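The residues making up each chain are set out below.
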Amino acid sequence: LEAIALCKRFSARLVAGGPMFTQEYEMYLDTIDHFVLNEAEITLPMFLEDLKTGQPKKVYRTDEFADMTQSPIPDYGMMSIEDYLFMSIQVSRGCPFSCEFCEITALFGHKMRMKTTQQVINELDALFDLGWRGQVMFVDDNFIGNRKRVKCDLLPAIRSWSFEHNYPFVFNTQATIDLADDGELTAMLVDVGFSSVFIGIETPDENTLSECNKKQNTNRNLLRNVRKLQIAGLMVTAGFIVGFDTDTDTIFQRQINFIEKSGITTAMVGLLNAYKNSPLYKRLESENRLLSEASGNNTELSLNYVPVMPMEKLIEGYEMILRTIYDTNVYYRRVRTFLEYYNVYRTRPAKYSVRSLKALIKVLYALGVVDSGRIGFWKLLFWTCCHRPHLFADAVELALYKLHFQKVFGLGGQARTETDERGWTVRDMLQRIMRKKGSEET
């Protein structure tokens with residue numbers, strides 16, 4: 001909204017697209033001049049052609065899905081890449097699963113559509129030629145959705161490219177937990193240079209997983225699966241959700257216990273929100289339980305629907321999870337648990353520079369001198385030096401993440417706001433629910 005207001009001050013014509021506007025463009029009809037929605041491979045040429053003739057329409061939409069083999073190489077040169085921690089490559093769109101809370105299939109469909117392997121190699125070349133070295137994120141919602149193509153074609157090609165270029169990139173991506181069922185694929189990812197994978201765990205409760213149609217997570221030992229990936233050499237980061245209809249009072253401690261036992265250092269816990277076009281949104285709409293559109297930030301103390309569990313209890317439980325898992329001592333203990341099992345495989349030796357030495361000194365000062373949890377920090381480093389010395393750099397990096405998480409979640413002495421982006425407090429939302437239901441009892 002600030003960007004729109006700034007552009008309007010200069011009488012600029014505004015064109016908007018992407019997932020957010022594709023789902024909610026009606027909210028911006030008065031402020032945006034043109035909407036290029038859905039997948040740009042289809043709708044952007046329509047808009048550009050009309051722009052040439054001086055007759056662009058308000059909205060460009062399509063029900064078709066794009067042929068990704070026709071997707072151009074992103075013009076990475078338009079970015080100041082030195083300002084970024086990660087570069088991004090998208091190989092595929094779509095997901096074969098149907099999780100109730102997810103809007104991905106509404107946006108991109110169930111069929112896995114992929115770029116050709118040569119397209120991916122060309123994008124790696126483009127990043128390399130610009131001088132990028134470091135982290136590259138494959139941002140696919142499910143990188144292993146077309147497992148055969150990934151194993152037999154894509155990964156071998158990336159490995160050959162990386163070898164020829166002296167392994168300039170470290171890769172990470174997103175996948176489903178059934179990756180743990182395929183030891184060959186896991187080993188290939190690690191061998192190619194993948195260091196971490198984000199997995200949607202969501203909840204350790206089997207009933208809830210069935211309710212939200214997260215079938216790929218059911219009938220399995222999630223803890224053992226996570227451990228299997230860590231032992232293979234992949235750092236597992238994961239998403240967790242509370243607020244499902246089947247959640248009971250015990251879910252908060254169960255989430256904490258799972259996160260602690262798993263050694264998942266980056267545990268992204270959020271409150272369930274219903275995103276437009278997701279099956280959950282449609283169900284809650286039919287049940288007259290929607291309160292607003294989702295803000296897109298599930299770490300705020302806000303919900304856009306009426307939960308089964310009393311809202312105050314749900315938010316209190318959510319805050320308890322965050323306070324616990326990102327408590328300094330608990331977090332360092334979890335890092336140690338992870339390091340105990342992590343069998344890292346480096347495709348290239350670590351390179352150290354004056355810059356990295358300066359960074360280390362800053363971290364040692366920030367966490368080992370200034371931070372209130374400095375005793376736990378030094379204990380972690382000493383333990384690592386004694387038991388897992390080759391993971392010293394990993395221990396320092398993961399320790400530094402603590403400051404980030406505590407800042408994001410308003411912990412570690414920083415006040416956490418009780419107001420979401422629209423200015424609603426928790427009390428406002430409770431009152432809104434009561435008005436909607438017409439009952440003080442509710």
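Residues numbered from 1 in each chain as written. Predicted model: local features only at pLDDT ≥ 70, side-chain atom pairs only at ≥ 80, totals over all residues. Heavy atoms only, no water.

Chemist: Describe the packing of helix α14 (residues 354-370) against helix α16 (residues 392-408), with residues and values.
Modeler: Between α14 and α16, the shortest axis-to-axis distance is 11 Å and the interhelical angle comes to 50°. Relative to α16, the element α14 lies oblique. The crossing of α14 and α16 is left-handed. Touching L360, V363 and L367 of α14 are F392, V396, A399, L400, K402 and L403, all from α16. In terms of residue class, the contact of α14 with α16 is made up of eight nonpolar, no polar and one charged. (Axes fitted to C-alpha atoms, helices over the stretch in contact; angles between N-to-C directions. Helix = DSSP H or I, 4+ residues; strand = E, 2+ residues; numbered from the N terminus. Parallel < 35°, antiparallel > 145°, perpendicular 65-115°, else oblique. Left-handed = near helix turned anticlockwise from the far one by under 90°. Contact = heavy atoms within 4.5 Å. Nonpolar A, V, L, I, M, F, W, Y, C, P; charged D, E, K, R; others polar.)

Chemist: Outline the pattern of salt bridges, supporting the account with residue identities and numerical values.
Modeler: Counted according to the given criterion, the structure contains 23 salt bridges. For R113, the salt bridge identified is with E39, shortest N-O distance 3.0 Å. Of this pair, R113 sits in strand β6 (residues 113-114) while E39 sits in the loop between β2 (34-36) and α3 (40-53); the two residues are 74 residues apart in sequence, bridging distant segments of the chain. Across the pair, exposure class does not vary: R113 and E39 are buried alike. Salt-bridge contacts for E100 lead to R283; the nearest nitrogen and oxygen are separated by 2.6 Å. In this pair, E100 is assigned in the loop between β5 (92-93) and α4 (104-108) and R283 in helix α11 (residues 279-286), connecting sequence segments 183 residues apart. (Salt bridge = Lys/Arg side-chain N within 4 Å of Asp/Glu carboxyl O. Buried < 20%, exposed > 50% of the residue type's maximum accessible area, 1.4 Å probe, protein only.)

Chemist: So what about the sheet that holds β2? Which residues, and what values?
Modeler: Sheet architecture is open: three strands sit in the order β1-β2-β3, paired in parallel fashion. Since the sheet does not close on itself, it has two edges, and those belong to β1 (15-17) and β3 (59-60), each with one partner. In this structure, β1 lies alongside β2, joined through three bridges in parallel fashion. Paired with V15 across the bridge in β2 is H34. (Pairing = 2+ DSSP bridges.)

Chemist: Run through the sheet that holds strand β7 (residues 134-138), naming residues and quoting values.
Modeler: An order of β4-β7-β8-β9-β10-β11 is seen for the six strands of this open sheet, with the pairing classed as parallel. Two strands in the sheet have a free side with no partner beyond their single neighbour: β4 (86-89) and β11 (267-271). Taking each pair of neighbouring strands and ignoring which way they run, the sheet shows an average axis angle of 20°. Where β4 meets β7, four bridges bridge the pair, whose relative direction is parallel.

Chemist: Hey, could you go over α11 for me, with residue numbers and the actual values?
Modeler: When α11 is considered as a whole, its buried residues turn out to be L280, Y281 and L284. The arc that holds every buried residue of α11, seen down its axis, measures 100°, which confines them to one face. Within two residues after α11, N288 carries a phi angle of roughly 60°, on the positive side. (Arc of directions from axis to C-beta.)

Chemist: Tell me about the packing of helix α15 (residues 374-387) against α16, and name the residues and values.
Modeler: The interhelical angle for the contact between α15 and α16, taken along N-to-C directions, is 160°, at an axis separation of 9 Å. Accordingly, the angle class assigned to the pair α15 and α16 is roughly antiparallel. The two elements α15 and α16 cross, and the hand of that crossing is right-handed. Facing α15, whose interface residues are F377, L380, L381, T384 and C385, α16 presents F392, A395, V396 and A399.

Chemist: Can you tell me about the packing of aromatic side chains, naming the residues and giving the values?
Modeler: Remark: the centre distance and the inter-plane angle together describe each pair of aromatic rings, the angle taken between the planes. Under the definition given, this model contains 24 aromatic pairs. Each ring, one from Y326 and one from Y331, has its centre 6.0 Å from the other, and the planes form 40°; the classification is tilted. Judged on exposure class, the residue Y326 and its partner Y331 are both buried. Three or more aromatic residues link up through ring pairs in this structure, and these residues are Y326, Y331, Y332, F377, W378, F382, Y401 and F405. (Phe/Tyr/Trp six-rings, centres within 6.5 Å; stacked < 30°, edge-to-face > 60°.)

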